[in-house]
Amino acid sequence: MEKIKLCCAKCGFTVEEYVADELAADSRKLKRYKYLKNKSSICPSCLASGRLNELRAIEEAVVGGAAQPDAKSSAAPVGHAEYAAGETPMMDALAGREWPSHTTELKQTGYPVQMYEQALQQRRTQWGYGGYVSLPGVASGVLVRSSARPDITKGSNFLRIMDPCGNFFSADAMRKLCDIADKYAYGLLHLLSTGGDLEMLGIPTENLKPAVEEITALGFDIGSTGDDYRTSEECIGPAKCDLALYDTLGFRYAWYRRFLDDVQYPRFPHKIKSKFAGCPNDCVRGCQKADIFVCGVFRDSPRIDQPKVAEWVEGGGNITLICSRCPGRALHWEPGRGLSIDADSCMHCMYCSNKISGVRPGVDRGVSILVGGKLRGKYGPTLSKVLVPFLKAEPPDYKEVFDCIERVTEIYDEHARKKERMGDFLLRIGMDEFYKLTGITPTPHLVSQPRTNLFCHWDAEEVRPSHKESPCPESEYRR
Amino acid sequence: MPTITLSGRQFEVDEDGFIQDPAQWDDAVANGLAAGEGITALTEDHWKVIRYLHSYYTEFGSAPMIRKLCKETGFNLKTIYQLFPTGPAKGACKLAGLPKPTGCV
């Protein structure tokens, strides 16, 4: 077997390897090989460390015939200490006056401030690629961010700590976590990342193992990196909000009890993000961001407290506007008879409940499961689609809901390609095929566009003639 | 290219310690590499995973998906991590004499 190797133009690292016979037989491989060879590409680590610019400088010098070496490349590398003591004019400009400032916070920790200062000066980030660190016994939870400026810092490891439900930390537990961060890391915590987990930044590789041991001894778990379930996120739910239609905190706790192994041991084709919202207001942005989104819904019509509504109207509430903006035109107000809701037209969009304190969600409550939302991936952002319109959420183990979620992930695990998000997978095979695979029967309640945008305002003259009969004829907010 | 010596034989390895020629692999190689992966003694469960990986590689020329590995051996992923602390890709594939798998498992 004759092997053909494509090596990095700078460091000689083997980027790709081909077998000669396969290359001759497969035209796609041959095309890729020729493309890469013509490009004379370099490996990601060289790209991250800025060697491409060095390479270009050398090439330019050769082409131009200039005998003088490049001043930048001939200069001795600047030491870490020199950079650490350097001036930070751009960061000082951002330092706090009336408002707490991130630069003041960063300067009090071990964070390499020159990385940020240089980023501000050069108008692009000085950090490089990210990746995972293999720590024996720890399958996921440790990441590394490489540095494009090895003269300032060599890169930075960080740990993802799975937060308790509701993101509640007791002051005591937080104090202990801070002690660990001071002892082993920069002394800098990232609260909370967009995935809903706590990140401890800047841990040297030799400190990773003792840091992980101390964190797990406190009762916290680390995980949520790689191709597994990421840390789920839920809205505050019944702990602070009166609109929550199911116990999101208890739901997430039960979810962890059932799926903790999948959070800590990566096995899926790509990451799976889960978010749980208490009501269709979707404060966790699950519809846009989550591969699996569990949303609290109700089936009956909203409950009306007539005296409270009448009081609200007397106090100056614009009930006519609310009725005109109801997307299903289900709200009707008559001064003598009070407010009424047409149950068949109601779309359960929560608009009236948000606006009028006398209208609350109904009592026949459950959850709906949506799949396939994401912001990145092969085909770009997708909104999630309703898979199951209504399921009863029954504590303590929520068996019916979790069985459904597990079935979805098993199908995804079996049929998706490597590094293909759930949304891309659904686009590739289609929803019909997905229903067949999961064995879920489609119903008329599955709507791809459940809610029109109530918060978009326009003037009457901006509306095209055919749209004049819109339920939202003109803006009252704008005046 | 760096080399390692196991039971009197020399093997060429890459920068992560994966042996380069799978044809040279035998049980002695797995036993020799086990200590470096934090495994004190190879049990029957270890051999089940290792033999499956090696036979899959000789048949198809690549490492199996994790899902397939779990299904065929009957272990769940957590058990495999307990058997091979460095993970199925870095630990188990190295002991089974496979080249370094691509991707970040």
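Residues numbered from 1 in each chain as written. Chains lettered and ligands numbered in written order. Predicted model: local features only at pLDDT ≥ 70, side-chain atom pairs only at ≥ 80, totals over all residues. Heavy atoms only, no water.

Caption draft 1: Highlighting the overall build of chain B. Along the backbone of chain B there are five helices and two strands. Taken from N to C terminus, the helices and strands of chain B fall in the order β-β-α-α-α-α-α. For 105 residues, the compact-globule estimate of 2.2 N^0.38 gives 13 Å, and chain B sits close to it at 13 Å. Taking all 105 residues of chain B together, 47% fall into the buried category. Summarising the internal contacts of chain B: among those between residues at least 6 apart in sequence, 49% fall at separations of at least 24. In the structure as shown, chain B presents an accessible area of about 5,300 Å², 50% of it carried by carbon and sulfur atoms. The distance from the centre of the 10 positive side-chain charges to the centre of the 12 negative ones in chain B is 9 Å. (Helix = DSSP H or I, 4+ residues; strand = E, 2+ residues; numbered from the N terminus. Rg over C-alpha atoms; globule rule 2.2 N^0.38 Å. Buried < 20%, exposed > 50% of the residue type's maximum accessible area, 1.4 Å probe, protein only. Contact = heavy atoms within 4.5 Å. Areas by Shrake-Rupley, 256 points an atom, 1.4 Å probe, with all protein chains shown as cover. Lys, Arg positive; Asp, Glu negative; His and termini not counted. Charge placed at Lys NZ, Arg CZ, Asp CG, Glu CD.)

Caption draft 2: Highlighting the pattern of salt bridges. Inspection of every chain in the model, using the stated rule, returns 30 salt bridges over all chains. One salt bridge connects A:E420 with A:R428, and the closest N-O pair in it is separated by 2.8 Å. Its relative accessible area of 8% is what places A:E420 among the buried residues. Ionic pairing is found between B:D27 and B:R51, a salt bridge with its closest N-O pair at 3.3 Å. Residue B:D27 is found in helix α1 (residues 27-34), and its partner B:R51 is found in helix α2 (residues 44-60); the two are separated by 24 residues along the sequence. A single salt-bridge network, built from bridges that share partners, covers A:D262, A:R267, A:E410, A:D413, A:E414 and B:R67. (Salt bridge = Lys/Arg side-chain N within 4 Å of Asp/Glu carboxyl O.)

Caption draft 3: Region of the structure containing the packing of α2(B) against helix α3 (residues 66-73) of chain B. Residue and element names in this part refer to chain B. Following both chains from N to C, one finds α2 and α3 inclined at 125°, their axes separated by 10 Å at the closest point. Taken as axis vectors, α2 and α3 run oblique relative to one another. Crossing geometry of α2 relative to α3 is assigned as right-handed. Where α2 abuts α3, its residues K48, V49, Y52, L53 and Y56 lie against K68, L69, E72 and T73. Its residues assigned to classes, the contact of α2 with α3 comprises five nonpolar, one polar and three charged. (Axes fitted to C-alpha atoms, helices over the stretch in contact; angles between N-to-C directions. Parallel < 35°, antiparallel > 145°, perpendicular 65-115°, else oblique. Left-handed = near helix turned anticlockwise from the far one by under 90°. Nonpolar A, V, L, I, M, F, W, Y, C, P; charged D, E, K, R; others polar.)

Caption draft 4: Up close: the side chain of A:T231. Residues and elements named next belong to chain A. Of note, T231 is situated in the loop between β8 (221-222) and β9 (233-234). On the basis of relative accessible area, T231 is assigned to the buried category, the value being 4%. At 2.9 Å, the side chain of T231 forms a polar contact with the side chain of D197. At 2.7 Å, the side chain of T231 forms a polar contact with the side chain of S224. The residues contacting T231, other than those within four sequence positions of it, are M162, D163, G195, G196, D197, S224, R252, Y256 and S274. (Polar contact = N/O pair within 3.5 Å; in protein donor to acceptor, adjacent residues only side chain to side chain.)

Caption draft 5: Here's a closer look at the packing of aromatic side chains. Residue and element names in this part refer to chain A. In the structure shown here, the tally under the stated rule is 20 aromatic pairs over all chains. Ring plane angle 50° and centroid distance 6.4 Å describe the contact between Y111 and W127, whose orientation is recorded as tilted. Of this pair, Y111 sits in the loop between α8 (102-107) and α9 (113-122) while W127 sits in strand β3 (residues 127-132); the two residues are 16 residues apart in sequence, bridging distant segments of the chain. Its relative accessible area of 16% is what places Y111 among the buried residues. Seen in terms of ring centroids, F251 and F402 are 5.0 Å apart; in terms of plane orientation they differ by 55°. Their pairing is tilted. Of this pair, F251 sits in helix α12 (residues 248-264) while F402 sits in helix α17 (residues 399-415); the two residues are 151 residues apart in sequence, bridging distant segments of the chain. The burial state of F251 is the same as that of F402; both residues are buried. Among the aromatic residues, ring-to-ring pairing joins Y229, Y246, F251, W255, Y256, F259, F268, F276, Y398 and F402 into one connected group. (Phe/Tyr/Trp six-rings, centres within 6.5 Å; stacked < 30°, edge-to-face > 60°.)

Limitation: the analysis is restricted to geometry and does not speak to function.
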